[in-house]
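Report on the structure
Residue-level listing of the chains:
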Amino acid sequence: GKLKAAAKCDLAFDNAANVGRVLVQNGAHVARGQVIATTDASDAQLDVERAQKELEKAKVDLADRLIGQGYDGITTNVPEDVMHRAKVASGFFMAQYQLQAANNKLRKCSLIAPISGRIANLENKRGQRVDKLCTIINDAQLDVEFSVLEAEIKNIHRGQRVIVSPFIDEAAQYAGTVTNINPTVDRTKAFCSVIIYISQIKATEYFYKTPLAYILH
């Protein structure tokens, strides 16, 4: 079978902006939520500040409208329907939405790691637009994908325990669990695909050397 990462993802900026700062290197381990790279956020920051001012202006307009209707400004004693109409008329709701959109745009200026893992295939092209900046590979767990004859697939089931030995070190043995059995048969070879999950083996040990393994039993 072939060793592969249990989880990996390709990363790119959503706003199609030029790469600014790259804060990691190939092979570096990153934690979920860590900033990988950034783009120029000056325009996005101005949009946030502008939206904040518009929201402040809308709050003043909202308070004036409520005072004009005999209420003591923005208080809890204003009926819900009256407050809703006043917020619509004053542009308060629209200002809130614009601020939320501006904050979302600002957040997209930072590329955040969605999973923990190791950086691979990094395109460190500052000042350029890239379709994919890098890949994060979860090197804490591995899967082994191997083929089984169609006639033998009846002897395998999900949850079944098996022993796996890396091709590069046949003396090492790791316990794994069958997690996925593809019901589709490759008619040219009469094989089915089966995936085994292994949590005890680290990708840094074998995955980047020879990603092949034996299924012992």
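Thresholds applied
Each chain has its residues counted from 1, running along the sequence as written. It should be noted that, the model being predicted, local features are given only for residues of pLDDT at least 70 and side-chain atom pairs only at 80 or more, the latter also being counted only at that level, while totals for whole chains, interfaces and linings use all residues. Hydrogens and waters are ignored; side-chain quantities use all the structure's heavy atoms. Numbering goes from the N terminus for both helices and strands, where a helix is a DSSP run of H or I of at least four residues and a strand is a run of E of at least two. In protein, a polar contact means a hydrogen-donor-capable atom and an acceptor-capable atom, both N or O and within 3.5 Å, with residues adjacent in sequence counting only if both atoms are side-chain atoms; elsewhere, any N or O pair within 3.5 Å suffices. Pairs of residues are marked as contacts when any of their non-hydrogen atoms sit within 4.5 Å. Two strands pair if DSSP finds at least two bridges between them. Salt bridges are defined as contacts in which a side-chain nitrogen from Lys or Arg sits within 4 Å of a carboxyl oxygen from Asp or Glu. A simple rule labels every residue: compare its accessible area, found with a 1.4 Å probe on the protein chains alone, to the largest value its type can have, and call it buried under 20%, exposed over 50%, or partly exposed in between. Confidence of the predictor at the level of single residues is captured by pLDDT, which takes values from 0 to 100. One fewer than the residue count of a helix, multiplied by 1.5 Å, yields its expected span. Inter-axis angles, ranging from 0 to 180 degrees, are taken between N-to-C directions of lines fitted to C-alpha atoms, where helices are fitted over the stretch in contact. Oblique is the label for any angle not covered by the other classes, which are roughly parallel (under 35 degrees), roughly antiparallel (over 145) and roughly perpendicular (65 to 115). Handedness of a helix crossing follows the sense of rotation of the near helix relative to the far helix, less than a right angle counterclockwise being left-handed and clockwise being right-handed. Put simply, Ala, Val, Leu, Ile, Met, Phe, Trp, Tyr, Cys and Pro go in the nonpolar bin, Asp, Glu, Lys and Arg in the charged bin, and everything else, Gly too, in the polar bin. Among buried residues, the Ala, Val, Leu, Ile, Met, Phe, Trp, Tyr and Cys ones that are joined through side-chain atoms within 4.5 Å form a nonpolar core.

**Overview of the environment of Val 144**
With respect to the helices, strands and loops of the structure, Val 144 is situated in strand 9 (residues 142-149). Here the alpha-carbon distance between Val 144 and Thr 177, two residues 33 residues apart in the chain, equals 9.8 Å.

**Looking at the side chain of Ser 90**
Inspection of the secondary structure puts Ser 90 in helix 2 (residues 80-90). Polar side-chain contacts of Ser 90 include one of 2.9 Å to the backbone oxygen of Ala 86. If we skip the residues at most four places from it in the chain, Ser 90 touches Ala 58, Asp 61, Leu 62 and Arg 65.

**A closer look at the sheet that holds strand 5 (residues 35-38)**
One open sheet accounts for 3 strands, arranged 3-5-6; its pairing is antiparallel. Since the sheet does not close on itself, it has two edges, and those belong to strand 3 (21-22) and strand 6 (110-112), each with one partner. Taken together, the 2 bridges between strand 3 and strand 5 define a ladder with antiparallel strand orientation. When the bridges of strand 5 are listed, Arg 21 appears paired with Thr 38.

**Some remarks on the pattern of salt bridges**
Note that side chains of opposite charge can pair when their charged atoms are close. Within this structure, the stated rule accounts for 5 salt bridges. A salt bridge links Lys 105 to Asp 47; the shortest N-O distance between them is 2.8 Å. Taken together, the positions of Lys 105 in helix 3 (residues 92-107) and Asp 47 in helix 1 (residues 42-68) put the pair 58 residues apart, joining distant regions of the chain. A relative accessible area of 41% means that Lys 105 is categorised as partly exposed. Residue classification places Asp 47 among the partly exposed positions, given a relative accessible area of 23%. Here Arg 85 ties to Asp 81 by a salt bridge, and the two come within 3.6 Å at their closest N and O atoms. Here Asp 81 and Arg 85 lie together in helix 2, a separation of 4 residues that amounts to about one turn. The partly exposed category is assigned to Arg 85, whose relative accessible area is 49%.

**Describing the confidence of the model for the protein chain**
Low-confidence regions, as indicated by low pLDDT, have predicted coordinates that should not be scrutinised in detail. Residues of the protein chain with pLDDT of at least 70 account for 87%, and the chain-wide mean is 82. When pLDDT is averaged over each element of the protein chain, helix 3 comes out on top at 96 and helix 4 (residues 203-206) at the bottom at 51.

**Let's talk about helix 3**
With 16 residues, helix 3 extends 23 Å from end C-alpha to end C-alpha; this agrees with the ideal 22 Å at 1.5 Å per step. Buried residues along helix 3 sit against helix 1 and helix 2.

**Here we look at the packing of helix 1 against helix 3**
Between helix 1 and helix 3, the shortest axis-to-axis distance is 8 Å and the interhelical angle comes to 165 degrees. Classed by the angle they form, the pair helix 1 and helix 3 counts as roughly antiparallel. Crossing angle aside, the handedness with which helix 1 passes helix 3 is left-handed. Note on element contacts: helix 3 touches helix 1 through Phe 92, Ala 95, Gln 96, Gln 98, Leu 99, Ala 102, Asn 103, Lys 105 and Leu 106, opposite Ala 44, Gln 45, Asp 47, Val 48, Ala 51, Gln 52, Glu 54, Leu 55, Ala 58, Lys 59 and Leu 62. Within the contact of helix 1 with helix 3, the residues separate by chemical class into 11 nonpolar, 5 polar and 4 charged.

**Considering the pairing of strand 2 (residues 8-11)**
Residues Cys 9 and Leu 11 of strand 2 are buried on one face, while the alternating residues Lys 8 and Asp 10, pointing to the opposite face, are not. Judged from the 4 bridges that link them, strand 2 and strand 8 (residues 134-137) form a sheet pairing that is antiparallel. Within the sheet, the bridge partner assigned to Lys 8 lies in strand 8 and is Ile 137.

**A few points about the environment of Ser 165**
You can see Ser 165 is positioned in strand 10 (residues 161-166). The exposure class of Ser 165 is buried, given its relative accessible area of 1%.

**Points about the nonpolar core**
Formed by 16 residues in total, the largest nonpolar core has its most connected members in Leu 11, Val 30, Ile 36, Ile 119, Leu 133 and Ile 136. Among the secondary structure elements, those contributing two or more residues to this core are strand 2, strand 5 and strand 8. Among residues more than four places away in sequence, those in contact with Ile 36 are Leu 11, Val 22, Leu 23, Val 24, Val 30, Leu 111, Ile 112, Ala 113, Ile 119, Leu 133, Cys 134 and Ile 136. Within the second largest apolar cluster, 14 residues are counted, among which are Ala 58, Leu 62, Met 83 and Phe 92.

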